[in-house]
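# Analysis of the macromolecular model
Take a look at the letters that make up each chain.
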Amino acid sequence: MCGIIAYAGNKPAASVVLEGLKKLEYRGYDSWGIVALADNPESAENAGRSFSVIKRVGKIGEINWDYVSEAIRGESHVAVGHTRWSTHGGVTEQNAHPHLDCSGKIAVVHNGIVDNHQEIRSGLGSHKFLSKTDTEVIPHLIEEIMSKESLDFVAAVRRAANTLKGRSAFVAVNSETGQMAAARKGAPLIMGMHENSNEEFFIASDVTAFLDYTNKVMYLDDNEMAVVDGKVAFFNLMSGNELVKRIVEIHWHHGSTEKEGYDHFLIKEIMEQKSTLSRAINQDDAKLLAVANEVKNAFGTFLVGCGTAGKTCVVGEYLFSKIARKHINSVVASEFANYQHYLTPKTLMIAVSQSGETADVLEAIDVAKSKSVRVVSLLNVFGSTMMRVSDDFFMVNAGAERAVVSTKATTAQLAVLTLLAYATAGKLQEGKLLLMNAASAVNDMLNPRYEEHIKKLALQLVDKKDAFIIGRGLNYPIALEAAIKLQETCYTHAQGFAGGELKHGPLALIEDGTACIAIVANDETKQDMISNAAEVKARGGYIIGIAPENNEVFDYWLKVPDVGNASPIVSIIPVQILAYHIAVLRGINPDYPRNLAKVITTK
Ligand code: M6R
């Protein structure tokens, strides 16, 4: 949710920032902007001020350097960029970042929300605001503090950061001194550099923005700031004390971040499930058994996540019950605080998140930590905040997910949760065999003929506004997840239900031709699911069966392999492909659904 990349060094700064922004685009793609500090102010477009700024509405996607250099002229070795997911103020050039103070000497990019922006703005009565954003108060506040309190830029940034309320992170740059100052208060910022060298520094919302240049990082924690001024120094925001930081080397191969011949990242990532599942199950047995032991001994275990990861957690609840005979609770992260009364130091939280940066999950972890709960995370992004605040973590190893819509990370999370359930039941090897079989079945299933068969169905559904998805047992949460896939990918109004629930109300919505996807696994739920599908068909519904075997009740059959308790993994894949093709047929860019962002760092 908003991406920040700042660079100071010996390379052409604006161009480094432009490329970094492209890697961060999944965080927000309403608009983007770059501010560069010209080495020679006279050669900059706006001579007299040494900043040059470009801001545009839309995705940075294919924007090339020639286009940017129209606005960012001259040599520059300090630049800051931002890609926006709007919170306050519409999607306009004025509201795009960077925002400047009245003098035009302080530029700020920001990720998160300034909760007290109205109060700050009204205290800055004489300042001229050009946007409707909360962010714009930051450069003006820094300017005000510098002038009223005669503080230097760095001290003023610290004072300003301490004034802001809410989860956020920002980078400010001063055109007079060339200093860059970054503050972290609840949203991620990572510093990249080279060991024993002051040649170049990166500050970014996540490491992927600069991993092509360096894998040596220093993490900013909450309430810390970094100042880059030919060298880097870290300070505690509250005390102002200088901090000693350790350089950490990241050895993380997040896979290719290019489309590699596919039309979209989404279909590439769906197809990558041919190999991601085997990577996901390649976990350290000792760690799996240790966490399984924690589940066994915990006084209550909570699985916590949001959106798709939240649905994965619900599958986890069913898996632990069915396989390990263990009741654990799945809770939507934004609701977790309501369960704090049940937390004790013997409680265990398993947090599931692709990005490891989702604010709602981080807040849930804060709640858990305040009650001394142990936290184990399932993550896909190495070095994320969640990785660092958790007591232990598993990487699900799906590789970089660039499409906003989660696919391969979801099935990888499902695989690791299945392994944990089997480990808790004392049957880890059985679980591994099951998943290896599922991984190979997925590899076979994802072939061009299969995709073509689903594409034909997409053609039939392209004009249908609504879809219902039903499932039972392990596949009930997959019905919920399938609904998210259709909603966010192709904007179909989709709703998932437990198979038994339709007759309690939603059946009234079924008309002639209403699309209903029935997930019919070859398990104890099969007969009831077939009956539920028949009930829908009897009322005119068009039944799309996702099942290992065909059935007369199905109007269209999407075959999936029979993989026992791994069925949630295989059941969701045809829906991912279907949603993708409907989106393409509707002319929607499936990589960048409207109104969404990949990483949600606001509550
Ligand atoms: O990074 P996270 O897994 O914590 O993200 C959670 C949700 O925001 C995410 O799953 C979202 O629902 C996706 N758009 C699903 O495709």
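Now for a description of the structure that goes with this document. Predicted, not measured: the structure shown is a model, and the values here were computed from it.

## A closer look at the overall build of the chain
Helices and strands together make up the secondary structure of the chain, namely 17 helices and 25 strands. Relative to its length of 603 residues, the chain is compact, with a C-alpha radius of gyration of 25 Å against a globular reference of 25 Å. Projected onto the principal axes, the alpha-carbon positions of the chain cover approximately 75 × 50 × 40 Å. Relative to its 603 residues, the chain shows a buried fraction of 61%. Contacts in the chain between residues at least 24 apart in sequence constitute 72% of all its contacts with a sequence separation of at least 6. Approximately 22500 Å² of the chain is accessible, and the part contributed by carbon and sulfur atoms is 48%. Looking at the chain, you have 60 positive and 69 negative side-chain charges, and the mean spots of the two groups are 3 Å apart.

## Describing the packing of aromatic side chains
The description of an aromatic ring pair uses the distance of the two centres, along with the angle that the planes make with each other. Under the criterion given, the structure shown has 10 aromatic pairs. When the ring of phenylalanine 202 is compared with that of tyrosine 213, the centres are 5.3 Å apart and the planes differ by 25°; the resulting orientation is stacked. One end of the pair, phenylalanine 202, is in strand β10 (residues 200-204); the other, tyrosine 213, is in the loop between β10 and β11 (216-219), with 11 residues separating them in the sequence. Judged by its relative accessible area of 31%, tyrosine 213 is partly exposed. Aromatic side chains phenylalanine 302 and tyrosine 339 sit 5.9 Å apart centroid to centroid with 65° between the ring planes, which places their arrangement in the edge-to-face category. On the criterion of sequence distance, the pair formed by phenylalanine 302 in strand β16 (residues 301-305) and tyrosine 339 in the loop between β17 (329-332) and β18 (348-353) is long-range, its members being 37 residues apart. According to the relative accessible area criterion, phenylalanine 302 is buried, its value standing at 5%. Here the aromatic cluster, defined as three or more aromatic residues joined through ring pairs, consists of Tyr7, Phe202, Phe210 and Tyr213. The aromatic ring of phenylalanine 393 is capped on one face by lysine 287, whose charged end is 4.9 Å from the ring centroid.

## Considering helix α9 (residues 307-324)
Over its 18 residues, α9 runs 25 Å from end to end, which matches the ideal 26 Å to within 8%, given 1.5 Å per residue. By the criterion of burial, α9 is predominantly enclosed, with 13 of the 18 residues buried.

## Thoughts on the packing of helix α7 (residues 273-281) against helix α12 (residues 408-424)
A pair of packed helices can be characterised by two numbers: the angle between their axes and the separation between those axes. The contact between α7 and α12 brings their axes to 9 Å, and the two run at 35°. Regarding α7 and α12, the two cross each other, and that crossing is right-handed. Packed against α7, whose contacting residues are Gln273, Thr276, Leu277, Ala280 and Ile281, the element α12 presents Lys408, Thr411, Ala412, Ala415, Val416 and Leu419 at the interface. Looking at the contact of α7 with α12 residue by residue, the classes come out as 7 nonpolar, 3 polar and 1 charged.

## Some points on the sheet that holds β16
Sheet strands pair by backbone hydrogen bonding; their relative direction is either parallel or antiparallel. The 5 strands are arranged β17-β16-β18-β19-β20 in an open sheet whose pairing can be described as parallel. Looking along the sheet, the strands with just one partner apiece sit at the ends: β17 and β20 (392-395). Averaged over all neighbouring strand pairs, the angle between strand axes comes to 20°, with direction disregarded. Relative to β20, strand β19 (residues 374-379) is paired through 4 bridges, and the arrangement is parallel. Paired with leucine 379 across the two strands is methionine 395, which belongs to β20.

## A word on the pattern of salt bridges
Note on pairing: side chains with opposite charge can pair once their charged atoms come close. Counted under the stated rule, the structure contains 27 salt bridges. Taking the shortest distance from any N to any O, the salt bridge between lysine 432 and aspartate 285 comes out at 2.4 Å. Residue lysine 432 is located in helix α13 (residues 428-445), and its partner aspartate 285 is located in helix α8 (residues 285-297); the two are separated by 147 residues in the primary sequence. The exposure class assigned to lysine 432 is buried, which follows from its relative accessible area of 16%. Linking arginine 374 and glutamate 294 is a salt bridge whose minimum nitrogen-to-oxygen distance equals 2.7 Å. Separated by 80 residues along the polypeptide, arginine 374 in strand β19 and glutamate 294 in helix α8 bring together distant segments of the chain. The exposure class assigned to arginine 374 is partly exposed, which follows from its relative accessible area of 31%. Salt bridges sharing partners connect three or more residues here, namely Asp221, Glu224, Lys245 and Arg388.

## Focus: unusual backbone geometry
Trans is the prevailing form of peptide bonds, just as negative phi is the prevailing case for residues other than glycine. The linkage connecting histidine 97 with the following residue, proline 98, adopts the cis geometry, with an omega of 10°. Relative to the helices and strands, proline 98 resides in the loop between β4 (76-84) and β5 (99-100). Here the phi dihedral of serine 372 falls at roughly 60°; this positive angle occurs in a residue that is not glycine. Note on placement: serine 372 falls in the loop between α10 (359-370) and β19. With a relative accessible area of 49%, serine 372 lands in the partly exposed category. We note that asparagine 397 has phi near 60°; this positive angle belongs to a residue other than glycine.

## Regarding the sheet that holds strand β6 (residues 106-112)
Strand order in this open sheet of 7 strands is β5-β6-β7-β8-β12-β13-β14, and the pairing throughout is antiparallel. Two strands close off the open sheet at either side, each with one partner strand: β5 and β14 (242-243). In terms of strand pairing, strand β7 (residues 168-174) meets strand β8 (residues 180-185) through 5 bridges, oriented antiparallel. Residue alanine 169 lies in a different strand from β8, and its bridge partner there is arginine 184.

## Describing the site of the ligand
Not every one of the 14 residues close to the ligand is listed here, only the nearest: Ser353, Gln354, Ser355, Thr358 and Glu488. Between the ligand and serine 355 there is a distance of 2.6 Å, counted from an oxygen atom to a side-chain nitrogen or oxygen. Lysine 485 is positioned such that a nitrogen or oxygen atom in its side chain is 3.2 Å from an oxygen atom of the ligand. Among the elements of the structure, α9 and α15 (476-490) are those that each provide at least two residues to the shell around the ligand. For the shell around the ligand, the residue count by class is 5 nonpolar, 7 polar and 2 charged.

## Topic: the nonpolar core
As a rule of thumb, nonpolar side chains are buried together in soluble globular proteins. Counting residues in each nonpolar core, the largest one holds 93 residues, and the members touching the most others are Leu378, Ile469, Leu486 and Ile544. Filtering out sequence-adjacent residues up to four positions away, isoleucine 544 remains in contact with Leu457, Leu461, Ala515, Cys516, Ile517, Ala518, Tyr556 and Leu558. Of all hydrophobic cores here, the second largest spans 53 residues; its members include Leu24, Leu343, Ala351 and Met387.

Parameters and conventions
Residues numbered from 1 in each chain as written. Predicted model: local features only at pLDDT ≥ 70, side-chain atom pairs only at ≥ 80, totals over all residues. Heavy atoms only, no water. Helix = DSSP H or I, 4+ residues; strand = E, 2+ residues; numbered from the N terminus. Rg over C-alpha atoms; globule rule 2.2 N^0.38 Å. Buried < 20%, exposed > 50% of the residue type's maximum accessible area, 1.4 Å probe, protein only. Contact = heavy atoms within 4.5 Å. Areas by Shrake-Rupley, 256 points an atom, 1.4 Å probe, with all protein chains shown as cover. Lys, Arg positive; Asp, Glu negative; His and termini not counted. Charge placed at Lys NZ, Arg CZ, Asp CG, Glu CD. Phe/Tyr/Trp six-rings, centres within 6.5 Å; stacked < 30°, edge-to-face > 60°. Lys NZ or Arg CZ within 6 Å of the ring centre and 35° of its normal. Expected span 1.5 Å × (residues − 1). Axes fitted to C-alpha atoms, helices over the stretch in contact; angles between N-to-C directions. Left-handed = near helix turned anticlockwise from the far one by under 90°. Nonpolar A, V, L, I, M, F, W, Y, C, P; charged D, E, K, R; others polar. Pairing = 2+ DSSP bridges. Salt bridge = Lys/Arg side-chain N within 4 Å of Asp/Glu carboxyl O. Near = heavy atom within 4 Å. Polar contact = N/O pair within 3.5 Å; in protein donor to acceptor, adjacent residues only side chain to side chain. Core = buried A, V, L, I, M, F, W, Y, C linked by side-chain atoms within 4.5 Å.

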